[in-house]
Amino acid sequence: MGARILFEEPTLFRILTDEALLNMGEEFQLICQKYSKLQRRLKKSKHPIYTQMVYYRKTLRLYEEGVEPYNISKFLGIRFSTILSWIKGHHPLSSYIVSEFNYHFGYTLGAAIGDGAVSYPNIIFSWLKDEDFVDAIADSVKSMGLKTWVWKKRNHQVAFCNAIFAQLVLLGKHSAQTLLPLLSSSKEVAIGVVSGFFDAEGRSGWGKKYLYDAPRASNTKIEIIHLIKGLLDYLGIHSTILKSKNKEFISPKTNKKYRPKSEYIYSVRIKRCCVKRFYKLIGFRIKRKQEELSKLVQTRFRYICPI
Ligand SMILES: [Zn+2]
């Protein structure tokens, strides 16, 4: 016994406890039930990848303790051939491309939770207003080691393909709180997520109408706003959550008025004491927004609270 297992779990998942992984697995299963198309594409495996990783860890622990593979298979209810392949050095993630866990991963994920759409296993951003936002996303995707497709002709669009990333975006959109343990495990990643989300859904707070406003980002899903607030807390940036009535909006695609799907819109707003901290640590990658924020900091929010 005591076989040396050569496979090392990618950092992205190594830091998660079994509990956090099981929670992600359960939530992902619920999302799959909602989207039958997604379920069809994933049907080859009975358990979501996160749940499989917990079984994988258990298998290795039991094997090290001397339990026979056949008994592990019976005990966990996992196919014998799967157990054998894990013991031989295969990992549930072996057949996937898992990106680096860094600022660029965070930025792309934050932007996708805000402005992206998932057509599994693709992640697509379309009708982006700012061309430099397209470039920022494309740069970050490339820095994650993935290929991107960029269109700038008819509308601004970026797309890329990665199954694990697409799953994380879905979790972020439908069950944002399950991502908090993962995203608040690294300052670099947390900064990336907040930055990407603010580029997608935020505004600087500078304008004639709102003389004393501060940067804020909005979404119709309160869970997403809670996730961003959780990350801001982790980074030591004070913020508050606001709720307001959702107004009708005009689609940039068809120029028609739409009634919003949800009645309320939620925002996370940086507290005045921490606007300068936000500017120094996070800021915007969209030039237009960053220039406004810079004006705001120079004129109104010059001090940093000691926390
Ligand atoms: Zn503060």
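Residues numbered from 1 in each chain as written. Predicted model: local features only at pLDDT ≥ 70, side-chain atom pairs only at ≥ 80, totals over all residues.

### Concerning the overall build of the chain
Line of reasoning, step 1. The helix and strand tally for the chain stands at 14 helices and 10 strands.
Line of reasoning, step 2. In terms of C-alpha radius of gyration, the chain reaches 22 Å, essentially the compact-globule figure of 19 Å for 307 residues.
Line of reasoning, step 3. The principal-axis extent of the C-alpha atoms belonging to the chain is close to 70 × 50 × 35 Å.
Line of reasoning, step 4. Taking all 307 residues of the chain together, 38% fall into the buried category.
Line of reasoning, step 5. Sequence-distant contacts, at least 24 apart, represent 69% of the contacts inside the chain between residues at least 6 apart. (Helix = DSSP H or I, 4+ residues; strand = E, 2+ residues; numbered from the N terminus. Rg over C-alpha atoms; globule rule 2.2 N^0.38 Å. Buried ≥ 20, exposed ≤ 12 C-beta atoms within 10 Å, placed from the backbone. Contact = placed C-beta atoms within 7 Å.)

### A look at the sheet that holds strand 2 (residues 122-128)
Hydrogen bonds between backbone atoms are what pair the strands of a sheet, whose relative direction is either parallel or antiparallel.
Line of reasoning, step 1. The sheet built from four strands is open, its strands ordered 1-2-4-3 with antiparallel pairing. Both edges of this open sheet fall to strand 1 (116-119) and strand 3 (148-151), since each of them pairs with a single strand only. Each adjacent strand pair in this sheet contributes to an overall mean axis angle of 20°, direction not counted.
Line of reasoning, step 2. Strand direction decides the pairing type here: strand 2 and strand 4 (residues 156-161), joined by five bridges, are antiparallel. Looking at the pairing, isoleucine 123 lines up with phenylalanine 160 of strand 4. (Pairing = 2+ DSSP bridges. Axes fitted to C-alpha atoms, helices over the stretch in contact; angles between N-to-C directions.)

### So, the domain arrangement of the chain
Line of reasoning, step 1. By domain assignment, the chain separates into domain 1 (11-87) and domain 2 (103-299).
Line of reasoning, step 2. Spacing between the C-alpha centres of domain 1 and domain 2 amounts to 31 Å.
Line of reasoning, step 3. In this complex, domain 1 contributes 10 residues to the contact, which on the side of domain 2 involves 10 residues.
Line of reasoning, step 4. Secondary structure elements with two or more residues in the side of domain 1 that touches domain 2: helix 2 (18-34) and helix 3 (36-42).
Line of reasoning, step 5. The element that contributes the greatest number of residues to the side of domain 1 that touches domain 2 is helix 2, accounting for six residues.
Line of reasoning, step 6. For the side of domain 1 that touches domain 2, the residue count by class is seven nonpolar, one polar and two charged. (Domains from an automatic or database assignment. Nonpolar A, V, L, I, M, F, W, Y, C, P; charged D, E, K, R; others polar.)

### Brief notes about the nonpolar core
Line of reasoning, step 1. One finds Val169, Val194, Phe197 and Ile228 to be the most contacted residues of the largest nonpolar core, which totals 78 residues.
Line of reasoning, step 2. Looking at this core, the element that brings in the most residues is helix 11 (residues 187-201), giving eight residues.
Line of reasoning, step 3. Not counting residues up to four positions away in its chain, the partners in contact with valine 169 are Leu109, Ala112, Ile113, Gly116, Val118 and Ile123. (Core = buried A, V, L, I, M, F, W, Y, C linked by C-beta atoms within 7 Å.)

### Thoughts on the pairing of strand 3
Line of reasoning, step 1. As judged from the four bridges shared by strand 3 and strand 4, these two strands associate in the antiparallel manner. Of the residues in strand 4, the one forming a bridge with threonine 148 is phenylalanine 160.
Line of reasoning, step 2. Here strand 3 hands over to strand 4 after four residues, the two strands then running antiparallel side by side.

### Regarding the sheet that holds strand 7 (residues 239-245)
Line of reasoning, step 1. Ordered in space as 5-6-10-7, the four strands form an open sheet in which the pairing is antiparallel. What marks the edges here is a single partner per strand, and that holds for strand 5 (202-203) and strand 7.
Line of reasoning, step 2. Where strand 6 (residues 216-219) lies against strand 10 (residues 264-270), four bridges are found, and the strand directions are antiparallel. Among the inter-strand pairings, serine 218 is bridged to a residue of strand 10, identified as serine 267.
Line of reasoning, step 3. The strands touched by helix 12 (residues 222-234) are strand 6, strand 7 and strand 10; relative to strand 10, the strand with the most contacts, the crossing angle is about 10°.

### Regarding the packing of helix 7 (residues 103-115) against helix 8 (residues 131-143)
Line of reasoning, step 1. Two elements in contact, helix 7 and helix 8, have axes separated by 8 Å at closest approach and are oriented at 135°. It follows from the interaxial angle that helix 7 and helix 8 lie oblique. Between helix 7 and helix 8 lies a crossing whose hand is left-handed. Contacts from His104, Tyr107, Thr108 and Ala111 in helix 7 reach Ile137, Ser140, Val141 and Ser143 in helix 8.
Line of reasoning, step 2. When grouped by side-chain class, the residues that make up the contact of helix 7 with helix 8 number four nonpolar, four polar and no charged. (Parallel < 35°, antiparallel > 145°, perpendicular 65-115°, else oblique. Left-handed = near helix turned anticlockwise from the far one by under 90°.)

### Some remarks on the environment of serine 143
Line of reasoning, step 1. Residue position: serine 143 is located in helix 8.
Line of reasoning, step 2. Overall, serine 143 belongs to the partly exposed group, with 16 C-beta atoms counted inside 10 Å.
Line of reasoning, step 3. C-alpha separation for the pair serine 143 and tyrosine 103, spaced 40 residues apart in sequence, amounts to 9.4 Å.

### A look at the environment of isoleucine 282
Line of reasoning, step 1. Relative to the elements of secondary structure, isoleucine 282 occurs in the loop between helix 13 (275-281) and helix 14 (287-299).
Line of reasoning, step 2. Its 26 C-beta neighbours within 10 Å are what place isoleucine 282 among the buried residues.
Line of reasoning, step 3. A C-alpha to C-alpha distance of 9.4 Å links isoleucine 282 and glycine 196, two positions 86 residues apart in sequence.
Line of reasoning, step 4. Excluding its chain neighbours within four sequence positions, the residues that come into contact with isoleucine 282 are Ile191, Val194, Ser195 and Phe198.

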